[in-house]
Amino acid sequence: MSSPPIIVWFRESLRLSDHPALYAAAASVAPVVCSYVYDQESPELRRLGGATRWWLAQSLRALGADLQALGADLVVRRGPAAKVLGQLARETKARAVFWNDVAQSGPRAVAANVESALGEIDVASRVFPDDLLIDPSKLRGKDGRGPRVFTPFWKRVLALGDPPKPLPRPARLSSVSVVASLAIDELALEPTRPDWAGGLRATWQVGERAAQGRLARFLDAPVRTYAANRDRPDVESTSRLSAHLRFGEISPRQVWHAARFAAAERPAFAPGIDKFLSELGWREFSRHLLYDNPDLATRNLQPSFNAFPWTQDGAALAAWQRGRTGYPIVDAGMRELWHTGSMHNRVRMVAASVLVKHLLIDWRLGEQWFWDTLVDADPGSNPASWQWVAGSGADAAPYFRVFNPMLQGEKFDSQGSYVRRWVPELARLPAALIHQPWAAKPLELAEAGIALGRSYPAPIVDHKQGRERALAAYATLRTSD
Ligand code: FAD
C-alpha cells in the first residue's frame, strides 16, 4: 500500500515553480493531492471583486492544466477552508497538509483554524514562508511595529541582501487518483448576464507561463527605459505584472532574481532595474502596512482625517466611475479600467486625486470601486495607495498637493494618444487641446465633431474652484486639531 498522501493547499501562489509547499511535498515519498478552496465564508477574508474573480477563474484553469502535465489533478472545493480541508484530509486519508503562508492577519486566522481542525483529526500542518520578500515580523521597530516611511523601509530590505533563490518546479508529481472536484465553472466566478469580461479576455493572458513570459519580455528591453518612461500611459513601458503577482502566478523572489540577473548581464539596464525593484518595494511596503493595519481599507491611518468633511454626491461618484468627469485624462483612465481591468499607475494617481480632492468624495468609495474593477486589486496596495493619494496614509502625499489633471495629461500623454484611444469622442482634437477641450474655440470643437456638454461633458468642477474647495476642507482639519 502506498504511503498516505500530503495535501498541498494552494492559496495565493497559483504556480508550480518557487512554490515552497509544493516543492516540499513533491520531494517527500508521499503522493500529493493538490487542492484549492474557494472560501467566501470565513469572515476573516475580504470578498473578491468582480475583476479578480474573473482572473481567479482563468488562473485556476491554467494551474489545473499545468498540474495535469505533471500527472496531478487540481481538486477544487468550496466552503470554509477549515471544514473543507478537514473533510478532504479524511477522504484521502492524508497524513499532512502543506501550504504557503499569506502574511496577513485574515488569511493567517483562517490558516490557524485549518491547523486546529486538522489537529483534531491527527493530521499534521506545515506552513512555508511565501508571498513577500521578507516576513513583516522580521522588520519590527522598538515599538513593535514595522517602518511607516518607505525610504528607510526599502533601505532595510536592501540591506538584508538577496531573498532566497527561487525553487524549481517539481519534475513530476505522484498523485492520488479519483478525488471529487468541482469544475471551475461551478464556482460561478465569471460574469454571465451581462458578460462584461470581453475586454478582460482580449487584454490578458493569465497563469504562470504568461507571467514568466511577460517578465522575460520586460527584462529583455522595456526595463532599460523604465525609469524615464514608467509615468507615460501612452507607451507600454511597465511590466504589467501586478495581477500575476497578486495571485502568486509569479513570486516576488522570482522577479527579484531575474531582474538582478538581467542587471548583471547588461549593466546599461541597471538603473531601470533598480527603479523597477523599488516599485516592487512599494508592493512589499503596502503589504507590511496591511500586516500592521488589518483595517487598512476602512480606517484612516492618520486619525485627523476622521473629521474630514467628505461630501455625499452619488451623481459625481457615478460620473467618475463611468469616465464622464470632463477631465480627459481621468475619463481615459476610468474607461481603460472598465474595459481592461487595469489602469496605468500615473493615471490611477490622477483619477484618485480628482475623486478625493476635486469631488471631496471619501477615498474608501474609490478604493471599493477599484477593488471591484481592477484585476490586480490587492488587499495591501489598493488601500495603501488610496490612503497615500488622500493624504490619510503612511508616508502619504501631502493633502495640499492637488494634482492638476490638465498639466498631468500634457506632461505624461503629451501627444494625447492615450486619451484618443480611450475617449474616442475627443480623438479629432489636436494635442494642444485634447487635455482641456473646453479651452477650444467653437470652430475648433465643431471641426473635431464635439458638442461640449453633449457628446463630451464639461468639467464636473472647475479645476481652480475644486482645488480651493479641497484646501478649504483640509483647513477645517487643521483648525480642529
Ligand atoms: P510596474 O511599474 O511594472 O511595477 C512592478 C510591480 O511593482 C507591479 O507589478 C506592482 O506589483 C508593484 N508596484 C508598482 N507600483 C506600485 C505602487 N505604487 N504601489 C504598490 N505596488 C506597486 N497595485 C496593485 O498591485 N494592486 C492594486 O490594487 C493597486 N491599486 C492602486 C490604487 C491607486 C489609487 C494607485 C495610485 C495605485 C495602485 N496600485 C495598485 C499601484 C500601481 O498602480 C500598480 O501596481 C501598477 O500600475 C501595476 O502595473 P505594473 O505591473 O506594470 O507595474
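Residues numbered from 1 in each chain as written. Predicted model: local features only at pLDDT ≥ 70, side-chain atom pairs only at ≥ 80, totals over all residues. Heavy atoms only, no water.

Under an unreviewed UniProt entry, the chain has the name DNA photolyase family protein and belongs to Bradyrhizobium ontarionense. Heading Sequence similarities (unreviewed entry) of the UniProt record for the chain holds this comment: "Belongs to the DNA photolyase family." (UniProt positions renumbered as here; feature names shortened; annotations may be inferred.)

**A short note on the packing of helix α7 (residues 208-220) against helix α10 (residues 252-265)**
Running from amino to carboxyl end, α7 crosses α10 at an angle of 25°, the nearest separation of the two axes being 10 Å. By the criterion of interaxial angle, the relationship of α7 to α10 is roughly parallel. As for how α7 packs across α10, the hand of that crossing is right-handed. Facing Q212, L215 and L219 of α7, the residues of α10 in contact are Q254, V255, A258, A259 and A262. Class assignment of the residues belonging to the contact of α7 with α10 gives a composition of 6 nonpolar, 2 polar and no charged. (Axes fitted to C-alpha atoms, helices over the stretch in contact; angles between N-to-C directions. Helix = DSSP H or I, 4+ residues; strand = E, 2+ residues; numbered from the N terminus. Parallel < 35°, antiparallel > 145°, perpendicular 65-115°, else oblique. Left-handed = near helix turned anticlockwise from the far one by under 90°. Contact = heavy atoms within 4.5 Å. Nonpolar A, V, L, I, M, F, W, Y, C, P; charged D, E, K, R; others polar.)

**Considering the site of the ligand**
Contacts to the ligand come from 26 residues, most closely from Y226, T238, S239, R240 and N345. Between L280 and the ligand, the recorded distance is 3.5 Å, taken from a backbone N or O atom to an oxygen atom. Within the complex, 94% of the 820 Å² of free accessible area of the ligand lies under protein. Secondary-structure elements contributing two or more residues to the shell around the ligand are α9 (242-246), α11 (270-292), α14 (345-358) and α16 (381-390). Top contributing element to the shell around the ligand by residue count: α11, with 5 residues. (Near = heavy atom within 4 Å. Polar contact = N/O pair within 3.5 Å; in protein donor to acceptor, adjacent residues only side chain to side chain. Areas by Shrake-Rupley, 256 points an atom, 1.4 Å probe, with all protein chains shown as cover.)

**A word on the sheet that holds strand β4 (residues 96-100)**
Pairing is parallel across the open sheet formed by 5 strands, whose spatial order is β3-β2-β1-β4-β5. The sheet terminates laterally at β3 (74-78) and β5 (124-128), the two strands that pair on one side only. Ignoring strand direction, the axes of neighbouring strands in this sheet form an average angle of 25°. The strands touched by helix α1 (residues 20-27) are β1 (6-10), β2 (32-38), β4 and β5; relative to β4, the strand with the most contacts, the crossing angle is about 145°. Against the sheet, helix α3 (residues 81-92) engages β1, β2 and β3, with an angle of about 155° to β2. (Pairing = 2+ DSSP bridges.)

**Details of the nonpolar core**
Ranked by internal contacts, the top residues of the largest apolar core, which has 52 residues, are W320, V330, M334 and F370. For this core, the secondary-structure elements that each account for two or more residues are α12 (314-321), α13 (328-340), α14, α15 (363-373), α16, α18 (417-422), α19 (431-434) and α21 (463-480). Tallying contributions element by element places α14 first for this core, with 7 residues. Excluding anything up to four places from it in sequence, M334 contacts W320, Q321, G323, M343, A351, W369 and F370. Formed by 41 residues, the second largest nonpolar core is a distinct cluster that contains I6, A21, A24 and L173. (Core = buried A, V, L, I, M, F, W, Y, C linked by side-chain atoms within 4.5 Å. Buried < 20%, exposed > 50% of the residue type's maximum accessible area, 1.4 Å probe, protein only.)

**Here's the deal with the environment of V461**
With respect to the helices, strands and loops of the structure, V461 is situated in the loop between α20 (442-447) and α21. Taking the C-alpha atoms as reference points, V461 and D295, separated by 166 residues in sequence, lie 32 Å from one another. If we ignore the near neighbours within four places in the chain, the residues touching V461 are Y327, H358, L359, G466 and R469.

**A word on the UniProt feature "domain: Photolyase/cryptochrome alpha/beta" (unreviewed entry) in the chain**
Using the residue numbers shown here, the UniProt feature "domain: Photolyase/cryptochrome alpha/beta" (unreviewed entry) corresponds to residues 4-133. For residues 4-133, the helix share is 43%, the strand share is 21%, and the end-to-end C-alpha distance is 33 Å.

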